[in-house]
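Analysis of the macromolecular model
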Amino acid sequence: MSMSLSAEQQDRVTQLGAEALIIDAMGGYIVAPEPPPYQGRNYLDRVADSNVRVTNITIAAHAEDFEHALDKMFHYFNLFQVAKDRVVHIKSVADIERAHREKKVGVMFGFQSPTPIDIHINRWTIFRQLGLRTCSLAYNEPNVFAHGCHDPRNGGLSYYGLQAINEMNRLGIVVDLSHVGERSSLEAIEHSKKPCIFSHSNAKAVANTRRNITDEQAKLVASKGGVIGLSPHAFLSAKETAAQPNLDDYLDHFDYLAKLVGTDHIGVGSDVFESYTKFSWETSTKLIYNSPWTYETVQNADYNRVEGIHLLIAGLVSRGFSNAEITKFLGANFLRVFKQVWRDDI
């Protein structure tokens, strides 16, 4: 995509891309599986060169279990050992600051589903000590904690859901509500004593899909200090079913939510997984959820690789956002939440 920027605007894009702390609240896998090389370069090198300093790696999603989560962590622990000169395991705000200062790739562990914990309350402490720092309460479907956004019954939190929020607040794990049903997410925000996030959800008023959030959800999470990570993904940005969105479609969500909740409550959660090949897409997510999107249209036409973050910066500049506002979107807003929620004393 081409856009017309003045020399002053282009200088701002370059400066922001080089200096701002960039946190992707829903980044793609680095290993297990490793994305295929692109233009002769491996994915880890490209993430480092993109200046994305923190990426939230999905350790579990769908209905994946305890053993799956441990196995996924095992692969990343090996990465931390083998690539310790390039990768930082993010467990604290100090780790984020170090990754930014030393220009390393910071890897944060997140669950898109709490199914590895199930009803075993002791596992919250175990996974927290292993590095879990964000956790969603459901992944589209209902579970013992909450209802997912695909469930038409739109049920609320269970006892185990309330217990999970209490434990996450106590242990310093951020409550993530992407993929969670509307009623369950509203109840979670009300119940939590700490700010919650939507790591990768867009505005339903702009793109009316089950995965996006209502104005009520956006306003409530913002009222308690939370952040909404916006994604260029077709599920979230496309205004028409099965259509491939572009950068302008994505930017429309920034414009809308900035007016609705203010610039202190918006971040980036790209949901760009370069490990997805055509075959893996067509035999997994597309098949399971009967998705109307094809492999060719499910990713944003403009922002479909990790380097797309710089195109986003250019788009935000072109839409009239200030450097201070863009810096908040890129990472400062999520950093504020992490400072409020994470604990260094346990």
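Right, let's walk through the structure included here. (Residues numbered from 1 in each chain as written. Predicted model: local features only at pLDDT ≥ 70, side-chain atom pairs only at ≥ 80, totals over all residues. Heavy atoms only, no water.)

Quick look at the pairing of strand β2 (residues 52-60) now. Within β2, nine of the nine residues are buried, which leaves it mostly tucked inside the rest of the structure. Strand direction decides the pairing type here: strand β1 (residues 22-24) and β2, joined by three bridges, are parallel. Within β2, the residue paired with I22 across the bridge is V52. Between the parallel elements β1 and β2, the chain passes through helix α2 (residues 43-50) in a crossover that is right-handed. The pairing of β2 with strand β4 (residues 105-111) spans six bridges and is classified as parallel. When the sheet's bridge partners are listed, T55 is paired in β4 with V107. (Buried < 20%, exposed > 50% of the residue type's maximum accessible area, 1.4 Å probe, protein only. Helix = DSSP H or I, 4+ residues; strand = E, 2+ residues; numbered from the N terminus. Pairing = 2+ DSSP bridges. Right-handed = clockwise from strand over helix to strand, strands pointing away.)

Below, the discussion takes up the nonpolar core. Counting residues in each nonpolar core, the largest one holds 83 residues, and the members touching the most others are I30, Y76, W124, L137 and F254. Here this core gets seven residues from one element, more than from any other, and that element is helix α10 (residues 247-261). With residues up to four places along the chain from it excluded, the contact list for F254 reads L230, I266, G267, V268, L312, L316, F321 and F329. (Core = buried A, V, L, I, M, F, W, Y, C linked by side-chain atoms within 4.5 Å. Contact = heavy atoms within 4.5 Å.)

Mapped onto the fold, E167 is located in helix α6 (residues 159-171). When its relative accessible area of 11% is taken as the criterion, E167 is described as buried. Among the polar contacts made by the side chain of E167, one reaches the side chain of R170 at a distance of 2.8 Å. Setting aside anything within four residues of it in sequence, one finds E167 in contact with I121, W124 and T125. (Polar contact = N/O pair within 3.5 Å; in protein donor to acceptor, adjacent residues only side chain to side chain.)

Overall, the coordinates contain 19 salt bridges when judged by the stated rule. Close ionic contact of E274 with R46 constitutes a salt bridge, the shortest N to O distance being 2.9 Å. Of this pair, E274 sits in the loop between β9 (266-268) and α11 (278-282) while R46 is found in helix α2, placing the two residues 228 residues apart along the sequence. Here E274 and R46 have matching classes, each one buried. (Salt bridge = Lys/Arg side-chain N within 4 Å of Asp/Glu carboxyl O.)

The next point concerns unusual backbone geometry. Trans peptide bonds make up most of the peptide bonds, and negative phi angles are found at most residues other than glycine. A cis amide bond links A32 with the next residue in sequence, P33, at an omega value of 0 degrees. Unlike most non-glycine residues, K103 shows phi in positive territory, near 55 degrees. Along the chain, K103 falls in the loop between α4 (93-102) and β4. On the basis of relative accessible area, K103 is assigned to the exposed category, the value being 53%.

Right, let's talk about the side chain of T297 for a bit. If you trace the backbone, T297 turns up in the loop between α12 (285-288) and α13 (308-318). Not counting chain neighbours up to four residues away, the residues in contact with T297 comprise A234, A242, A243, Q244 and P245.

The next thing to look at is the state of the cysteines. Counting across every chain of the model gives zero disulfides. Not part of a disulfide, C196 finds its nearest cysteine sulfur in C135, a span of 12 Å. (Disulfide = S-S within 2.5 Å.)

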